[in-house]
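Residue-level listing of the chains:
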Amino acid sequence: MTTRAEPGDDRSGPGLSAIMSERRRLINLGYRLLGSLADAEDVVQETYARWYAMSAREQQAVESPGAWLTTVAGRICLNLLGSARARRETYVGDWLPEPLPEPTEWITGRSGAGGADPADRVTLDESVTMAFLVVLDSMTPAERVAFVLHDVFRYPFGEVAAIVGRTPAACRQLASSARRRVRTAQSPAGPSTGQADIVRRFKTAWEAKDIDALISLLDPDATATADGGGLAVTHPRPIVGGERIARHYAEIARLSGDRTTFLEYTVNGLPGLVARHDGTIATVFAFEIAGDRIRRIWAVRNPEKLRPWRIG
């Protein structure tokens, strides 16, 4: 990323490292706002392009470069969220956030994220679980930006208002509305403390095509949603009901045969599964577990969303 140098314009000055040190935080912000690492990377690239398009004098006039970068990135994300709603109308099947791997598998310790630059890694915490991102995606663009900036990144509403283009009071209302959406989506049974064990038992039952065992691990009202994006074969609508899901997944295992192996990986910070077909990662599964039952399964098969899993 280069720009024409001006007289006295020193691009390698002492402020460069401080500016570039913001990259990881901006990637983290962009991913939570957009649910896509690829889009987050594009936003950060555009944000830095706008910074370096300014003259040295304009840059020096910015009181807080970090705040400037956040404001620009937030506004770009807000615009993208608005246009994304229109694009979703033509998306084939259900849209799910792009799943992220952890640098190592949660069981074997082998590499699962390739050689990703640490500056580009998203911090995996409760604000990037698949369940949380799916709730974020149900919000309006303004709600999502206000909530993520304030409740996740702890920006004061005065600064959020400058990004969203509304008053601090209006942003406070947006964040409050978003919190209600999060509370409504939470399971009355509460989160599971033994997700790894339940996912492992699900994997074992799935490989054995043991329908009864699968049913015992699924909530009776469980839902399984898949995202193929029109680029991979999958069920076009969510499957509702533990028994229906168990029978469908047992059939998947039967049809896959020995060409598919299921591996235990961390998916967005929680234990999940990966299906490797003929040596290539074909599907990433994330789970929401309430109590001792699986409440939600999200299966991402769109190959464009599996890029981080195929690096390295």
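Residues numbered from 1 in each chain as written. Predicted model: local features only at pLDDT ≥ 70, side-chain atom pairs only at ≥ 80, totals over all residues. Heavy atoms only, no water.

## Digging into the overall build of the chain
Along its length, the chain carries twelve helices and six strands. Counting every position in the chain, which comprises 312 residues, the buried fraction comes to 47%. Sequence separation of 24 or more characterises 66% of the internal contacts of the chain that already satisfy a separation of 6 or more. Carbon and sulfur atoms provide 51% of the accessible area of the chain, an area that totals close to 15,100 Å². (Helix = DSSP H or I, 4+ residues; strand = E, 2+ residues; numbered from the N terminus. Buried < 20%, exposed > 50% of the residue type's maximum accessible area, 1.4 Å probe, protein only. Contact = heavy atoms within 4.5 Å. Areas by Shrake-Rupley, 256 points an atom, 1.4 Å probe, with all protein chains shown as cover.)

## Description of empty space enclosed by the protein
The final tally for this structure, using the stated rule, is one cavity of 30 Å³ or more. Of all the secondary-structure elements, those providing two or more residues to the lining of the largest cavity are helix 6 (130-137), strand 4 (270-277) and strand 5 (280-290). Per-element accounting of the lining of the largest cavity gives the leading share, three residues, to strand 4. Its residues assigned to classes, the lining of the largest cavity comprises eight nonpolar, three polar and no charged. (1 Å grid on protein atoms, 1.4 Å probe; cavity = no way out; pocket = protein on both sides within 12 Å on 5 of 7 lines; lining within 4 Å. Points joined across faces, edges and corners; volume = space filled by probe spheres on them. Nonpolar A, V, L, I, M, F, W, Y, C, P; charged D, E, K, R; others polar.)

## Describing unusual backbone geometry
Phi is positive for K209, which is not a glycine, with a value near 55 degrees. With respect to the element layout, K209 can be found in the loop between helix 10 (195-207) and helix 11 (211-217).

## With respect to the pattern of salt bridges
Across all of its chains, the model carries 15 salt bridges by this definition. As a salt-bridge pair, E22 and R25 come within 2.1 Å of each other at their nearest N and O atoms. Given a relative accessible area of 18%, E22 falls into the buried group. (Salt bridge = Lys/Arg side-chain N within 4 Å of Asp/Glu carboxyl O.)

## Here we look at the sheet that holds strand 4
To summarise the sheet geometry, strands pair through backbone hydrogen bonds and adopt either a parallel or an antiparallel arrangement. Taken together, six strands build an open sheet; the order of strands is 2-1-6-5-4-3 and the sheet is mixed. In this open sheet, the two edge strands, each paired with only one partner strand, are strand 2 (239-240) and strand 3 (260-267). Its contacts with the sheet place helix 12 (residues 242-256) against strand 1 (218-227), strand 2, strand 3, strand 5 and strand 6 (293-300), and it is angled at close to 50 degrees to strand 1. (Pairing = 2+ DSSP bridges. Axes fitted to C-alpha atoms, helices over the stretch in contact; angles between N-to-C directions.)

Geometric descriptors of this kind do not, in isolation, establish any biological role.
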